[in-house]
Amino acid sequence: MKRLLPALGLAPFGAYILLFLAVPTLLAVASGFSTPEGFSFASLSVLVHPDTLQAFGASVWVSALTAVVGAAIGAVLCWALAALPEGGAIRRVIDSASSVLAQFGGVMLAFAFIATIGIQGVVTVLLKDHLGVNIFQDGVWLYELPGLILPYLYFQVPLMVITFLPAVAALRPGWAEAVATLGGSSWSYWTRVGLPVLAPAFLGSLLLLFANAFSSYATAAALISQGSQIVPLQIRAALIGETGGTTASTAGVLALGMIIVMTAVMLAYGRLMARAARWQR
C-alpha cells in the first residue's frame, strides 16, 4: 500500500494527459480511417497527394528556418546572459520577459504584427510617408507564407533563451581554467570542451523550436486567410470547407502525418536532453 501512495500524486496529471492528449489524439487518428462504409485505409492516399506534400514541405521549411534563426539568436543571448550575475536585475527581467513572450502567440500576436507592419500598420505608414519606403512594394508578404517568419521568431527566440540558458549557465569555470593551465587558448576551450558539451543541449533546443513552429496554428490562421499553405491550415480547410462540407477523414490523416513528424522530433529531443543532463548534474 505504501508503494501505491506516491503513484496517487501522479493521478491528476495522468488524468489530464489521458483526457486532453491521449483521447483527442486517438479520436483524430481514428477519424482518418473512418468512412461511411466503415473502417478503411483508403484515406491514407491523401498523404502522397501533391497538395499535401507541398503543405508538409512548406511547414518543414518555415519551422526549420525559424528554428535555426531563433536558435542562433537565442544562443547568442544566452551566452551574453550567462556572463551576468544570476540574481542581477537585467538577467531576472530578461528571464521573466522570455517566459512571457515564449507563450505570446495566436491571434494576439498576429494582430500586433498587422497593427505594426500591416498594410496600414503604424510602422508601414511612417516608413512610406516620411522615408518613401514601401515594405510591400513587391507584394503583401505578411499575409503569405514568408509573413510567418517574423511572428514565429517573436516566440522562438524567447523559447530558446528559456531552454538553452540553463545549459550555458551550467558550464563550469574550472574547465576553462584547466584548459588555460594546460596551455590551451580560448579557441581550444570552445572547440574541444565548450561546444561539444553544449552541442546536445543546443540540438535538443533546436528540435524543440522546430516542433513548436511545426505545430503552431492560431498565428498562421489569423495572418493567412486565403489558401492552405501549411499543414495546420490544410486541416482547417478539410474540416471547414467553403461550401460548408467537411472531410473528417482527410483531416484525420493529415493529423496522423503531423503526429508522426512530431513523435520523431520529440523522441530525438528526449534523447539529446538526456545526454545533455549527464554533465549538468
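All figures in this text were calculated on a predicted structure; none of them were measured in a lab.

Draft legend 1. Spatial organisation of helix α5 (residues 106–117). The terminal C-alpha atoms of α5, which comprises 12 residues, lie 17 Å apart, in line with the 16 Å expected from a rise of 1.5 Å per residue. The complete set of buried residues in α5 reads Gly 106, Leu 109, Ala 110, Phe 113 and Ile 117. The arc enclosing the buried residues of α5, seen along the axis, measures out at 100°, which places them on a common side. In this structure, α5 carries Val 107, Met 108 and Phe 111 as exposed residues pointing more than 90 degrees from its buried face.

Draft legend 2. Looking closely at the packing of aromatic side chains. By the definition in use, this model includes 9 aromatic pairs. Here the aromatic rings of Tyr 189 and Trp 190 are separated by 5.2 Å at their centres, their planes lie at 70°, and the arrangement is edge-to-face. Ring pairing ties together the aromatic residues Phe 56, Phe 210 and Phe 214, which thus form one cluster.

Draft legend 3. Broad picture of empty space enclosed by the protein. Evaluation of the coordinates by the stated rule reveals 1 cavity of 30 Å³ or more. Taken together, Ser 59, Val 62, Ser 63, Tyr 152, Ala 213, Phe 214, Ser 216, Ile 230 and Pro 232 form the lining of the largest cavity. Per-element tally for the lining of the largest cavity: the top contributor is helix α3 (residues 50–82), with 3 residues. In terms of residue class, the lining of the largest cavity is built from 6 nonpolar, 3 polar and no charged.

Draft legend 4. Quick look at the packing of α3 against helix α7 (residues 149–169). Running from amino to carboxyl end, α3 crosses α7 at an angle of 45°, the nearest separation of the two axes being 7 Å. Considering their axes alone, α3 and α7 lie oblique with respect to each other. Between α3 and α7 the crossing geometry is right-handed. A breakdown of the residues in the contact of α3 with α7 according to their chemical character gives 22 nonpolar, 4 polar and no charged.

Draft legend 5. Representation of the layout of surface pockets. Approximately 360 Å³ is the volume found for the largest pocket. Around the largest pocket, the lining comprises 15 residues; the ones closest to its centre are Thr 25, Ala 255, Met 258, Ile 259 and Met 262. For the lining of the largest pocket, the secondary structure elements donating two or more residues are α2 (11–31), α11 (231–239) and α12 (248–276). Take the lining of the largest pocket: its biggest share by element is 8 residues, from α12. Its residues assigned to classes, the lining of the largest pocket shows 13 nonpolar, 2 polar and no charged.

Draft legend 6. How the structure looks around the environment of Glu 177. Tracing the backbone shows Glu 177 in helix α8 (residues 173–181). Classification of Glu 177 as exposed rests on a relative accessible area of 52%. Separated by 25 residues in sequence, Glu 177 and Phe 202 place their C-alpha atoms 23 Å apart.

Draft legend 7. Broad picture of a nonpolar patch on the surface. Side chains of Phe 13, Tyr 16, Leu 18, Leu 19, Phe 20, Val 23 and Leu 27 sit close together on the surface and give an oily, nonpolar patch of about 770 Å² of accessible area. On the secondary structure map, Leu 18 appears in helix α2.

Draft legend 8. Broad picture of the nonpolar core. Counting residues in hydrophobic clusters, the biggest one holds 38 residues, and the most contacted among them are Phe 164, Val 231 and Ile 235. The set of elements that each furnish at least two residues to this core consists of α3, α7, α9 (186–214), α11 and α12. Among the elements that make up this core, the one with the highest residue count is α9 (10 residues). Listed in part, the 19 residues of the second largest apolar core include Phe 113, Tyr 152, Ala 221 and Leu 223.

Draft legend 9. A look at the environment of Leu 18. Given the relative accessible area of 47%, Leu 18 is considered partly exposed. Each C-alpha atom of the pair Leu 18 and Thr 66 lies 31 Å from the other, and the pair is 48 residues apart in sequence. Setting aside chain neighbours within four positions, we find Leu 18 in contact with Val 23 and Pro 24.

What counts, and where the lines are drawn
Residues numbered from 1 in each chain as written. Predicted model: local features only at pLDDT ≥ 70, side-chain atom pairs only at ≥ 80, totals over all residues. Heavy atoms only, no water. Helix = DSSP H or I, 4+ residues; strand = E, 2+ residues; numbered from the N terminus. Expected span 1.5 Å × (residues − 1). Buried < 20%, exposed > 50% of the residue type's maximum accessible area, 1.4 Å probe, protein only. Arc of directions from axis to C-beta. Phe/Tyr/Trp six-rings, centres within 6.5 Å; stacked < 30°, edge-to-face > 60°. 1 Å grid on protein atoms, 1.4 Å probe; cavity = no way out; pocket = protein on both sides within 12 Å on 5 of 7 lines; lining within 4 Å. Points joined across faces, edges and corners; volume = space filled by probe spheres on them. Nonpolar A, V, L, I, M, F, W, Y, C, P; charged D, E, K, R; others polar. Axes fitted to C-alpha atoms, helices over the stretch in contact; angles between N-to-C directions. Parallel < 35°, antiparallel > 145°, perpendicular 65-115°, else oblique. Left-handed = near helix turned anticlockwise from the far one by under 90°. Patch = residues over 30% accessible without salt bridge, like charges linked within 9 Å, V, L, I, M, F, W, Y side chains within 5 Å. Areas by Shrake-Rupley, 256 points an atom, 1.4 Å probe, with all protein chains shown as cover. Salt bridge = Lys/Arg side-chain N within 4 Å of Asp/Glu carboxyl O. Core = buried A, V, L, I, M, F, W, Y, C linked by side-chain atoms within 4.5 Å. Contact = heavy atoms within 4.5 Å.

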